[in-house]
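Topology and contacts: notes
Chain by chain, the residues run as shown.
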Amino acid sequence: MNSYQAHRPSLRDDCGLQIQRAWQDGLWAIIINMAKSKSKATKDPYFEALELAARSQLDTPIDRQAVWQAVDKIINEKTVVKDPTTVDLYDWALVSTGMTNDQYPKYIGAMRVNVVKANPKLKEIAKTSFFSCVANSDWEHAQQIAAVMDKNFPADRRFHFRNIITTYIYATSLDDNDAKKPMFRTLALRQIEKAKASRHQDSSSEPLPPRAIATQDEMMLWLEMTIKETKGQDLVKCLADPKYNAPSALKDGFETVCSTMMDQLMRLGAWDEFYAICKEIFENGVAFWLVEEHEAKEKAKREAQPTEEKSLEQKAAELMAAMGRLSIKSPQELHKTKLAAESIATRSVVKDWKTWESFIVAASKQPNAKKALKEVEEYFTMITNFGPQHAIYRTQLDMARLIIMFETPLESESDESLASGARIDGIMAYIRSHYRDMSCFDNLRRFFGLLSISEAKALLERLGTNGSQSEESQFQNIMLLTFRLRLRYFFTTFSKCYKPSSTNRGATCGICNSDSVPERCEACLKEIAKACIWTWKAGFKHEALLEQLKIEGASPYTDLTIIGSVCLLKLAGLDGLWGRNDSSPLAWADRKRVMQAILWMDAQHHSQSVKRQDLSVLLVKLYILIGAASHAKSIWDTLEVKNVTLNCLGPLFADRLGTMAPGLWQSHVHGNTPTSQYLHYYRSAIDKNIPNSLRLSFDHGNYASVLGNLSTKTKHKQSCTLVMALVDHYRGIRSVDGEVMQETWQNRLSQHIKPGMRLYDTTDYGPFPNIEANPDRPIQDFLSIGPGLSEDRAHLSLLSERFLSLIAYKEPKEYKPVNAALAKDRDRNIVVPACRDMMTSMNMIMQRMDVRDKLTLPEYEYYCHVQALGFYVVLSLTKPKGGMPDQLVEMIRSELINQLARLMVRRKTTTEADAAKGDVFYDISALHANGMLRESALVTVHVVRYLERTRGADAKSPMPQWMIEHLKILRTVSLAVNHHLKECIERLSMTVNPAGWADRIAEWAFGDLANGTRGVSDDPEETYENSDIDMLLYKAIGPKRNFTMAIDLIVHSWGDAARGWSKVKLIE
Amino acid sequence: MFQVAEDDRGNIIGYIMGKLESSPDYFRNYEHYLPWHAHITALTVAPEARRMGIGRILSEKLEIAADNGDAWFMDLFVRKSNHRAIRFYESMGYSVFRVVKDYYGENIEDPSAGGEDAYDMRKPMKRDVKHEHIRENGREFEVDPEDVF
């Protein structure tokens, strides 16, 4: 329900006090009677609408339907309702009785237009009617209203531009094959071009004509439409036209227009045009800064501040010299002609890093790149000297100089060797100046990828030397050491640092010369992990340093923990392939290293006074991976993810919880589940907040924002996160209730999503640490149960839910059809085509080559299973006499048996001692696989029940023998699955609950050290060389540092998981 | 008025929210009446982007908008215990105009206290040539939260 419809519309004043009160109190029977008599007495259609609105609130279907019949009659008889309050009542009543956005144009949109036409001079009515249409995405009638208002009030610029943008939006909302589309598109473009032409024809006249573009927002509308509707060179030509280009926009003080134009030129690769425009802007920028400095100088003189004067004069002299070299117009000349707005906008653009970065790229593509880059550097140096000397501008300049150095073409071999040394020197200089900045490493990342192996080694060496020698500053020392270890990790994960090798493993690590698998040299990973632990452990001794780190806001120990732990995880065998051929990424992982990494991260997490979100997110993912979902949730909750960021950040936590953590859905009856926040958010965002923002954007004449809000609405309505939340919501509730929810077809949040519709994955992985060199294999890939959200995955999951609710649908008990056979025929006529369409859509996705990369193996198998069952339903309902292919049933059966077998393989391969303990680690890491298997059994049972219902009760056409046999097979196999799941659940409860688990986990992580078989050395002479990872880490986070707290939390969380699963309902 | 700062990958690393406003007209004769001014509602910079001057750049952008909007001054509220922020604003030319007693519900430094005071800090804009809307001894002027518009 939209916000404006959620509340009852206000009644007209002439209703009388009694009706008003009854309306407020919802006393519908009273309103009906009184409205009826008023209607008779006055013949005013308003009271008839009021009566119908009150009837729509009653429970009886006939009363609820009455308003629909009345509105149908109005539409069919083309009756014009002139009173807007009458339409408000119909609107409210229809929405209350289930009107969808699709139905709005036919029933209410058309009436709204008539109201506006009937009241041509009443702006407020037009406005309300317009926003009603906009809120319901009825662009056809919104456009008609906007056009009427534009015609009625030609001097009001708001109505003119509202008409243009609404016409444009309406055109884009039409299907490509709709004949009206090009007509409305052309109309909108012509209108906006005319508005732009009027501005430039009459630019001297002030004020501008009312129908000319006057504001930056209006110019942005022209630009946005032009960008969308003009392609390639035509767009370049348009953006480079001196009359309308970026410098011209700055003349009007339109900074956003200028930046958007520059972005487009860059996107189009129009480097020559971009370079020329940039030069012009920078020349103007220098001049404006000079004027600014001149004015500051004059002001300083006036205020008698001689200390400032000298430096300003010096600067002015230097700048004049520089200007001479660059042929810049004199400041006096410009001072007279430029407006203050132009000055502010230009000075802002020339200090913007985005402009700088692109200017360098454009210069590097010029015929004489060396000269052009030098010139660009001069501009930057000059610009940096102007205005406030913020640290960010110094960083910008240093960064720009580095980029220019790397971009400058080399002319000879001797140049190359010189350049190599200079590049390392340049990077080192940058690090020395900016190592305090948290973004220092990320800023330099682009250069690390350009270094050769020998340069990489040289850089590491220089950093190592500097790191260990700067003993005068412990702070600098720890920062540089951390930087070095992060860099070493970067090179270890960088394919360019591996040389082909003649050995079986295929590569030699360029950094340590070990034989290795590319991008994961074990020797380097071990070395980095050890160094990180050593440095991390040593940190606790230096209280003064810890205090300084707090003041500086630096957290190198968190970085060391992340780098070291990720090395341990890679050594454990997590490789980012999501257990492609197994039930879980942990199925074959080294339990010891995984637990070490988790306990280390947890120790650092609890020692931080200010939590680093990257470490928190890593822990959330790891705890989910090992089945400790309730503990993961408690950490996630500390991140306080706001509703507005759920669409982007929510999947980092909630994805797949519905299958692996049913315990989190136990309290769903109170509306408290991990997904309830999402669904609530989407409802208010789509129905209330975004329409409100749209209204505000229209009101303020912010047209780019109108388009932006529409795009946000689309991305919310067609969001993969939305589908994830819905599907996990259904799965989670189903696991504890056992019932299939019937709302998947009617849910307002998903009913508009049709197969093949574009869905948007807006997941933001930014909160994860960015430490991998290979952007295609980021850290989250090997810490997740499976691949992230995707369009295909979302469609498959939604189609499966729809299939399940279709076949699980049961008529209410009260439903007694007069002709049962006819009712069954009708049911079949609905189910068969619906099923066939769904399975065809699923098949199209499942046939894609890359679909397997978007799903976990259990998901892939589940969707194969659903698809096979779907086809079976279609075949069994359409070929009742001809018999069924037994192969299909055999395939369904064997697929489920194979899934069962694979789940048990890992258990069989564990040692006997592990098996005796129940090997809970691997059981619990396979919870997602068990969850999907449970879903497979459930959908199988529902298919059997459906076919039994449909065919079994049909006396005229009894179920054939082959179908009886098939259904028996399907029921048997689903029973076998449920039997396995019951065993798993019992084993989980039995193994997790008894005491002694804390010691066992400590032993998993630290083996002999934890059980006392191996003594813990307290040798004060312990050196880096004679220590090993286990010992170092045990001493760093072991009992003395209270690692038992983390272990207790894990055990407790596994207990929660076991309790949750013990309440799962298995349908048989 | 909204302004964001983005890094080179388009991530938002800081933002400022502000507005131009005045007390309602019927307050005109009230001693705490606020004339047309700009108010900083929120200013935040991501931890990894701090100490680079980004907060300052964002504030300056808002000041330009305030001058364009013909504001007398810019103002903001800050916790009395937030020494770092107070130093930052002072370095930008802001000064304490008055102390709003127990403006914040929770006291960060003393949880047992009923609330925490806020400093109402101001910076004069170009329109306030004579600096009539600021005062040197603002820390001595105390008002209650209900006096603040």
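As recorded in an unreviewed UniProt entry, chain B goes by the name Acetyltransferase, listed as coming from Apiospora phragmitis.

Where an unreviewed UniProt entry is consulted, chain A appears under the name N-acetyltransferase B complex non catalytic subunit, with the organism given as Apiospora phragmitis.

**With respect to the overall build of chain B**
Helix and strand counts for chain B stand at two helices and seven strands. Ordering the α and β elements of chain B from the N terminus gives β-β-β-α-β-α-β-β-β. What you see for chain B is a C-alpha radius of gyration of 16 Å, in line with the 15 Å of a compact globule of 149 residues. Looking at the 149 residues of chain B, the share that counts as buried comes to 28%.

**Topic: the overall build of chain A**
Assigned secondary structure in chain A consists of 50 helices and three strands. Taking all 1068 residues of chain A together, the buried fraction comes to 43%. If you take every contact in chain A between residues at least 6 apart in sequence, the share linking residues at least 24 apart comes to 72%.

**Remarks on the confidence of the model for chain B**
The predicted model of chain B averages 89 in pLDDT, with 98% of residues at 70 or higher. Of the two predicted TM-score estimates for the complex, the pTM is 0.88 and the ipTM is 0.81.

**Remarks on the interface of chain A and chain B**
Accessible area lost during the coming together of the parts is what is often quoted as the interface size. Taken together, the contacts link 12 residues of chain A with 13 residues of chain B. If one sorts the elements of the side of chain A that touches chain B by residue count, helix α22 (residues 391-407) of chain A sits on top with three residues. Taken together, the residues of the side of chain A that touches chain B break down into six nonpolar, five polar and one charged.

**Quick notes on the packing of helix α16 (residues 271-302) of chain A against helix α20 (residues 353-364) of chain A**
Residue and element names in this part refer to chain A. In the contact formed by α16 and α20, the axes pass within 9 Å of each other and the chain directions differ by 125°. Here α20 runs oblique to α16, going by the angle between their axes. Of the two possible hands of crossing, α16 and α20 adopt the one that is left-handed. Two secondary-structure elements touch here, α16 through Trp-271, Phe-274, Tyr-275 and Cys-278 and α20 through Thr-355, Ser-358, Phe-359, Val-361, Ala-362 and Ala-363.

**Some thoughts on the pairing of strand β1 (residues 2-6) of chain B**
Residue and element names in this part refer to chain B. Bridge analysis of β1 against strand β2 (residues 12-21) gives five bridges, and the strand direction is antiparallel. Directly across from Gln-3, in β2, lies its bridge partner Ile-16. In textbook terms, the turn of a hairpin is the stretch between consecutive antiparallel strands, and for β1 and β2 this stretch comprises five residues, one of which, Gly-10, has a positive phi near 85°.

**Here we look at the sheet that holds strand β1 (residues 498-500) of chain A**
Residues and elements named next belong to chain A. The sheet built from three strands is open, its strands ordered β1-β2-β3 with antiparallel pairing. Strands at the two margins of the open sheet, each flanked by one partner only, are β1 and β3 (515-516). With three bridges connecting them, β1 and strand β2 (residues 507-509) associate as antiparallel partners. Bridge pairing in β2 links Lys-499 to Thr-508.

**Side note on helix α32 (residues 629-638) of chain A**
Residue and element names in this part refer to chain A. Counting buried positions over the 10 residues of α32 gives seven, a clear majority of the element. If you follow the buried residues of α32, they end up packed against α31 (613-625), α34 (651-654), α35 (657-660) and α50 (1044-1062). Note on α32: the residue one or two positions beyond its end, Glu-640, has a positive phi of about 50°.

**Brief notes about the sheet that holds β1(B)**
All names here are of chain B. Taking strand neighbours across the sheet as the criterion, the seven strands line up as β1-β2-β3-β4-β6-β5-β7 in an open arrangement whose pairing is mixed. Sheet topology places β1 and β7 (142-143) at the edges, where each strand pairs with a single neighbour. Examined bridge by bridge, strand β5 (residues 95-104) and β7 share two bridges and lie parallel to one another. Within β7, the residue paired with Val-99 across the bridge is Glu-142. Along the sheet, helix α2 (residues 83-91) makes contact with β4 (73-79), β5 and β6 (116-124), crossing β4 at roughly 165°.

**Some details on the environment of B:Ile54**
Mapped onto the elements of the fold, B:Ile54 is located in helix α1 (residues 54-68). If we ignore the near neighbours within four places in the chain, the residues touching B:Ile54 are A:Ile392, B:Ala5, B:Ile13, B:Gly14, B:Val45 and B:Ala49.

**With respect to unusual backbone geometry**
Phi at A:Asn513 is positive, roughly 65°, even though this residue is not glycine. Here A:Asn513 shows up in the loop between β2 and β3. For A:Asn513, a count of 12 C-beta atoms within 10 Å corresponds to the exposed category. Of note, the phi angle at B:His131 is positive, near 55°, even though the residue is not glycine. Turning to its location among the elements, B:His131 is positioned in the loop between β6 and β7.

**Let's talk about the pairing of β2(B)**
In terms of strand pairing, β2(B) meets strand β3 (residues 37-45) of chain B through eight bridges, oriented antiparallel. Residue pairing across strands places B:Gly14 opposite B:Val45, the latter belonging to β3(B).

**Things to note about the environment of A:Ala821**
Along the chain, A:Ala821 falls in helix α40 (residues 820-846). The sequence separation of A:Ala821 and A:Asn284 amounts to 537 residues, and the corresponding C-alpha distance is 84 Å.

**Points about the confidence of the model for chain A**
Residue and element names in this part refer to chain A. Looking at chain A, pLDDT values average 86 and 90% of them are 70 or higher. In this model residues 1-5 is a low-confidence stretch, pLDDT under 50, and it forms 16 contacts with partners more than four residues away in sequence or in other chains. Counted against residues more than four places away or in other chains, residues 333-338, with its pLDDT under 50, gives six contacts.

**Here we look at the environment of A:Leu189**
Residue and element names in this part refer to chain A. Within the element layout of this structure, Leu-189 appears in helix α11 (residues 180-201). Here Leu-189 falls in the buried class, since 20 other C-beta atoms lie within 10 Å of it. Counting along the chain gives 33 residues from Leu-189 to Trp-222, while the straight-line C-alpha distance between them is 8.3 Å.

About the criteria used
- Residues numbered from 1 in each chain as written.
- Chains lettered and ligands numbered in written order.
- Predicted model: local features only at pLDDT ≥ 70, side-chain atom pairs only at ≥ 80, totals over all residues.
- Helix = DSSP H or I, 4+ residues; strand = E, 2+ residues; numbered from the N terminus.
- Rg over C-alpha atoms; globule rule 2.2 N^0.38 Å.
- Buried ≥ 20, exposed ≤ 12 C-beta atoms within 10 Å, placed from the backbone.
- Contact = placed C-beta atoms within 7 Å.
- pLDDT = per-residue confidence, 0-100.
- Nonpolar A, V, L, I, M, F, W, Y, C, P; charged D, E, K, R; others polar.
- Axes fitted to C-alpha atoms, helices over the stretch in contact; angles between N-to-C directions.
- Parallel < 35°, antiparallel > 145°, perpendicular 65-115°, else oblique.
- Left-handed = near helix turned anticlockwise from the far one by under 90°.
- Pairing = 2+ DSSP bridges.

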